[in-house]
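Breakdown of the fold
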Amino acid sequence: MKILKLQTLRGPNYWSIRHHKLVIMRLDLEDLYEKYTSDIPGFYQGLIEVLPSLVEHYCSPGVKGGFLSRLEKGTLMGHVIEHVALELQQLAEMPVVFGRTRETSSPGVFQVVLEYKNEQAGRYAARAAVRLCQSIVQTGKYLVEELQQDLEDLKEFKNQASLGPSTEAIVKEAEARGIPWAKLGARFMIQFGYGINQKRIQATLSSQTGILGVELACDKEGTKRTLKDSGIPVPSGTVIRYFDELQDAIKDVGSYPIVIKPLDGNHGRGITIDIRNWEEAEEAYNLASKASKTKTVIVERYYTGKDHRVLVVNGKVVAVAERVPAHVIGDGKSTIVELIEETNKNPQRGDGHDNILTRITVDRSTHAILERQGYKIDSRPRKGKICFLRATANLSTGGIAIDRTDEIHPENAWLLSRAAKIVGLDIAGIDVVTEDISRPLRAVEGVIIEINAAPGFRMHVAPSRGLARNVAGAVMDMLFPGSNNGRIPILTVTGTNGKTTTTRLLAHIMKQTGKVVGYTTTDGTYIGEYLAEAGDNTGPQSAHLILSDPTVEVAVLETARGGILRSGLGFSVCEVGIVLNVTADHLGLGDIDTVEQLAQVKSVVAESVMPKGYAVLNAEDPLVAAMADKVKGQVAYFSMDPDNELVLKHTEKGGLAAVYENGYISIVRGDWTLRIEKAVNVPITMAGKAPFMIANALAACLAVFTRGVEIEHIRKGLSTFVASVYQTPGRMNMFNMGIYHALVDYAHNPASYKALGGFVRNWPGKRIGVVGGPGDRRDEDFISLGELAADIFDEIIIKEDDDTRGRPRGNAAELIDQGVKQFLNQGKDSESKVIYESILDEKSAINTALDRATSESLVVILPESVGRAISLIEARKPVKNLVELPESNFKSPKSSEELKTSIVH
């Protein structure tokens, strides 16, 4: 077997709308093709010996053991590898269930699809599954050591990608609320929401956390002084920078016991409490000074009592936890070191902050604490005796947490909420020492020890004892109050032809509302009036650029088939999904071999429309219209035919549609018709002579209408949007060359040639075409282009793209030439006297066509490089025609009074 390709999907996709995270493996079974597992000696037994847990896989029979039943009876190896890859991830504690295996049009080559939790782990599992099955085929076994290594590697990928308990809790809460999120590329930041409505976090710092509050919280002495000045109980103490000051500082505090800690420490590092003599104080000073970046140390009075962490979010106490230092409980038989080893076997304990509990380690401070209690590390404490191993109660040093949220006294809750506001933190972890949290601090001499920015959540979301608290919910309530889900409107456009023009028109209309619009097209990514990134930007990466920009209020995204197949959509759901048409193009690429399969790819856009959104579908395209059955939201249709049967039935039931009727672009529903504008007044329709542009305008108008855009804004957008090199480069760009005209359009497939032909055939003079097509299309597509060109033009110059996309130079031109000849020889037009020749170089072909232009003729250029074609034309353009008309020269929208008369009942 041979892996031909591995790719990763991250959004709604061709294989699944619900399962976004998928690995696609293109696998050549080679000599195992058409061999069933039942034909491979020892394979069944070898596989269940190494992975007996496959018995849990149901597969198609829908019962436990269903997959093993098929395995024993005989199934193809691609299907087996799918299940093995899923099970390897399952055993590595990454539960996944979705998988698919389909044979491609290439015999023996399969697409194996499997879900993943972690991208690197998913790709590793795919490769490991092939390696495992290959080994069993060849040797009848897969070594236990090899399997163990695979699982260890997978777990390592999982651990490396872990968000940490606090961030993960917030992310899960966001997912539960339908708030989109994404990792950002720097400083472990997470973005929630899109565009202007986004919020960010870094651990438990939020985009609303003030830098002054963080700086003050990091200055423990400054925090204490600020709180003391506000009448809040804090420990008495002082700050020193030199060891020589320590003795005087202890005297200032009063007497032992004391606490020594770094001024700028965290996570309990460098803190020593309950210091009772000079020797301990000296050692504690050295420890604290080493942990402080500024070599500054706090000396405080030690207060006896229980250690509590109180979490305040947005000025409210949301959780309280009592923290108990790391300890073991004697059993009368085991030594303390043996008790520690037993305690660390708890699966919830691990290294670092990603686990619910932290492993207990033994160091010098452990021996000192035990000695103070009268023990050594090899002592055997009596049954039930608690032996503390740390002086501080931090979870990071092995402590445990007990939930006390329901016990806090109301006065304490008020006092601590006030303290967080005084320091200036939206999310604060306040350390409190008190004998009884259910009594006012002043009544029991309780104090606030310190206030922490970016507090950990794991003691609250997974306490050792007591109720888990949804503290992440409080964070989400603060960042996204009420029904706010952080989203911005997403309008996305797909189809074979017309995507870029429709996307640009949509964006232009939305700009009339005063919103900042971010949009992606085949010629670049734009934010407002400016190009943010040049290129063919119709995939998920460009969508992410728009959705992560904090200035964008509306996203309009052109979505091509290539991006859907490579990575899936760049968003989970959209408000409006437009599907313009589906015709034969790009077939044979990406294992999409039929127009029906291509329709399934395009359908991903329609199926991703949210329940309250709209799928805008072409009623005249059966493949597009059929997508309505899979749409979860509402459906609206557009059609050039006002009597389209589907549209009539839909609108009679109260459905929404856009139609071209009596020369108007109109919105219809039930028994009313809203006429938006005459097509002849819409510049991109070329005075109403370009039907495909009218169809694009119908789709755009219908889409923005569903978003509540006012008719005045729609009209203004239509009347000021011109098929120019500035607004729609390469889309019906007409140039007045004086005695003749030149037209540049990016038509490159049979459907777009047909659409263009509907306009060009109406030209009164000679029609010259410079034609070609992308080299990765099928032979029959090039022949069809030739036939269509012969039916449209009086003179044809066949050229080729600079990038032949793998085709031998001249081959595409030969096929187009063949198509021209076939059309002429079939006698479809007995009067036809088409002149044609091949000039492969695009620049030379364009110049030749322009040289041959006669009075009243039209030169139509269908280029690979739109920019180059326009430059060649501009170089020949008469000076008086170089000035573009400003938008103000175009017809203004109708008034509100005129609007009233446009509604026909």
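A few words now on the overall build of the chain. Counting its secondary structure elements, the chain contains 29 helices and 39 strands. Taking the principal axes of the C-alpha coordinates as reference, the chain spans close to 115 × 80 × 55 Å. A buried classification covers 55% of the 905 residues belonging to the chain. The contacts of the chain with a sequence gap of at least 6 include a subset with a gap of at least 24, amounting to 67%. Of the roughly 39,000 Å² of accessible surface on the chain, a fraction of 49% belongs to carbon and sulfur atoms. The chain carries 105 positive and 113 negative side-chain charges, and their two centres are separated by 4 Å.

The strand order across the open sheet formed by 4 strands is β1-β2-β4-β3, and the pairing between neighbours is antiparallel. In this open sheet, the two strands that pair with only one neighbour each are β1 (2-10) and β3 (99-103). Pairs of neighbouring strands in the sheet enclose a mean axial angle of 15°, with direction left out of account. Seen against the sheet, helix α3 (residues 77-91) touches β2 (21-28), β3 and β4 (109-115) and runs at an angle of roughly 20° to β4.

Here the focus is the packing of helix α16 (residues 499-511) against helix α22 (residues 691-706). Where α16 meets α22, the closest approach of the two axes is 9 Å, and the angle between their N-to-C directions is 40°. In terms of their interaxial angle, α16 and α22 are classed as oblique. Here α16 and α22 pass one another in a crossing that is right-handed. Listed contacts from α22 to T501, T502, L505, L506, I509 and M510 of α16 are M693, N696, A697, A699, A700, A703 and V704. When grouped by side-chain class, the residues that make up the contact of α16 with α22 number 10 nonpolar, 3 polar and no charged.

This part is about the nonpolar core. Counting 77 residues, the largest nonpolar core has L506, I578, I714, M732, V771 and I796 as its most contacted members. The element that contributes the greatest number of residues to this core is α22, accounting for 12 residues. Residues in contact with L506, not counting those within four places in the same chain, are L491, V493, V556, I578, A700, A703 and V704. Core analysis: the second largest hydrophobic core is formed by 48 residues, Y14, Y194, A599 and A657 among them.

Taken together, the 5 strands give an open sheet; going across it, the order is β19-β14-β13-β20-β21, and neighbouring strands pair in antiparallel fashion. The open sheet has two free edges, formed respectively by β19 (400-403) and β21 (447-453), since each of these has just one partner strand. Within this sheet the neighbouring strands show an average axis-to-axis angle of 30°, counted without direction. With 4 bridges connecting them, strand β14 (residues 316-324) and β19 associate as antiparallel partners. Paired with A321 across the strands is D403, a residue of β19. Along the sheet face, helix α15 (residues 471-479) touches β13 (306-313), β14 and β20 (427-434) and points at about 30° away from the line of β13.

We now examine the pattern of salt bridges. Between side chains of opposite charge, a pair can form as their charged atoms come close. By the definition in use, this model includes 49 salt bridges. Note that D781 and R778 form a salt bridge whose closest N and O atoms lie 3.0 Å from each other. Of the residues examined, D781 reaches a relative accessible area of 6% and is grouped as buried. A relative accessible area of 24% places R778 in the partly exposed class. Shared partners join several salt bridges into a network, and the residues in it are K220, E221, K224, K261, E300 and E450.

The next thing to look at is the side chain of D274. Relative to the helices and strands, D274 resides in strand β11 (residues 272-275). There is a polar contact of 2.8 Å between the side chain of D274 and the side chain of R276. Non-local contacts of D274, meaning those with residues more than four positions away in its chain, are made with P257, I258, V259, E280, Y302 and R372.

Moving on, we come to a negative patch on the surface. A contiguous patch of negative charge on the surface is contributed by D244, E245, D248 and D252. Structurally, the position occupied by E245 is in the loop between β9 (237-240) and α9 (246-253). Look at E245 and you get partly exposed, because its relative accessible area is 32%.

Here we come to the side chain of T520. Following the sequence through the fold, T520 ends up in strand β23 (residues 517-521). Owing to a relative accessible area of 1%, T520 belongs among the buried residues under this scheme.

Before going further, it helps to examine the packing of aromatic side chains. Counted by the stated rule, this structure contains 6 aromatic pairs. Each ring, one from Y33 and one from F110, has its centre 6.4 Å from the other, and the planes form 65°; the classification is edge-to-face. Here Y33 is found in the loop between β2 and α1 (43-50), whereas its partner F110 is found in strand β4, with 77 residues between them in sequence. Above the ring of Y124, the side-chain terminus of R131 is found at 5.9 Å from the ring centroid.

For the bond running from Y256 to P257, omega is 0°, close enough to zero to count as cis. Tracing the chain through its elements places P257 in the loop between α9 and β10 (258-262). In this structure, R187 takes a positive phi of about 55° despite not being glycine. You can see R187 is positioned in the loop between β5 (181-183) and β6 (189-192). Given the relative accessible area of 62%, R187 is considered exposed.

With that out of the way, let us pick up the pairing of β21. Of all 7 residues in β21, 5 are buried, a share of seventy percent or more. Relative to β21, β20 runs antiparallel, the two being bridged by 6 bridges. Its bridge partner being in β21, G429 is matched across the sheet by N452.

Our next topic: helix α2 (residues 66-73). Residues G66, F67, L68 and L71 constitute the buried set of α2. Considering only its buried residues, α2 is in contact with α1 and α3. A positive phi of about 120° marks G74, the residue just after α2.

For the chain, mean pLDDT is 91; residues scoring 70 or higher make up 96% of the total. Below a pLDDT of 50 lies the segment residues 881-905, which in the model reaches 43 contacts outside its immediate sequence neighbourhood of four places, other chains included.

This next bit is on the pairing of β10. The buried fraction of β10 is high, at 5 of 5 residues. Where β10 lies against β11, 2 bridges are found, and the strand directions are antiparallel. Each residue of the ladder has a partner; that of I260, found in β11, is T272. In this structure, β10 lies alongside strand β12 (residues 297-301), joined through 5 bridges in antiparallel fashion. Pairing of K261 across the sheet is with I298, part of β12.

This next bit is on the state of the cysteines. Working definition: the covalent bond between the sulfur atoms of two cysteines is a disulfide. In total, this model carries 0 disulfides according to the counting rule given. Cysteine C59 shares no disulfide, and the gap to the nearest cysteine sulfur, in C133, comes to 14 Å. Assessed through its relative accessible area of 24%, C59 is described here as partly exposed.

The next subject is the packing of helix α7 (residues 211-218) against helix α8 (residues 220-229). One can describe the packing of α7 onto α8 by two numbers: an axis separation of 5 Å at closest approach and a directional angle of 105°. By the angle class used here, α7 and α8 are roughly perpendicular. Contact residues: α7 offers L216, A217 and C218, while α8 offers K220, G222, T223 and T226. Looking at the contact of α7 with α8 residue by residue, the class counts come to 3 nonpolar, 3 polar and 1 charged.

Rules and cut-offs
Residues numbered from 1 in each chain as written. Predicted model: local features only at pLDDT ≥ 70, side-chain atom pairs only at ≥ 80, totals over all residues. Heavy atoms only, no water. Helix = DSSP H or I, 4+ residues; strand = E, 2+ residues; numbered from the N terminus. Buried < 20%, exposed > 50% of the residue type's maximum accessible area, 1.4 Å probe, protein only. Contact = heavy atoms within 4.5 Å. Areas by Shrake-Rupley, 256 points an atom, 1.4 Å probe, with all protein chains shown as cover. Lys, Arg positive; Asp, Glu negative; His and termini not counted. Charge placed at Lys NZ, Arg CZ, Asp CG, Glu CD. Pairing = 2+ DSSP bridges. Axes fitted to C-alpha atoms, helices over the stretch in contact; angles between N-to-C directions. Parallel < 35°, antiparallel > 145°, perpendicular 65-115°, else oblique. Left-handed = near helix turned anticlockwise from the far one by under 90°. Nonpolar A, V, L, I, M, F, W, Y, C, P; charged D, E, K, R; others polar. Core = buried A, V, L, I, M, F, W, Y, C linked by side-chain atoms within 4.5 Å. Salt bridge = Lys/Arg side-chain N within 4 Å of Asp/Glu carboxyl O. Polar contact = N/O pair within 3.5 Å; in protein donor to acceptor, adjacent residues only side chain to side chain. Patch = residues over 30% accessible without salt bridge, like charges linked within 9 Å, V, L, I, M, F, W, Y side chains within 5 Å. Phe/Tyr/Trp six-rings, centres within 6.5 Å; stacked < 30°, edge-to-face > 60°. Lys NZ or Arg CZ within 6 Å of the ring centre and 35° of its normal. pLDDT = per-residue confidence, 0-100. Disulfide = S-S within 2.5 Å.

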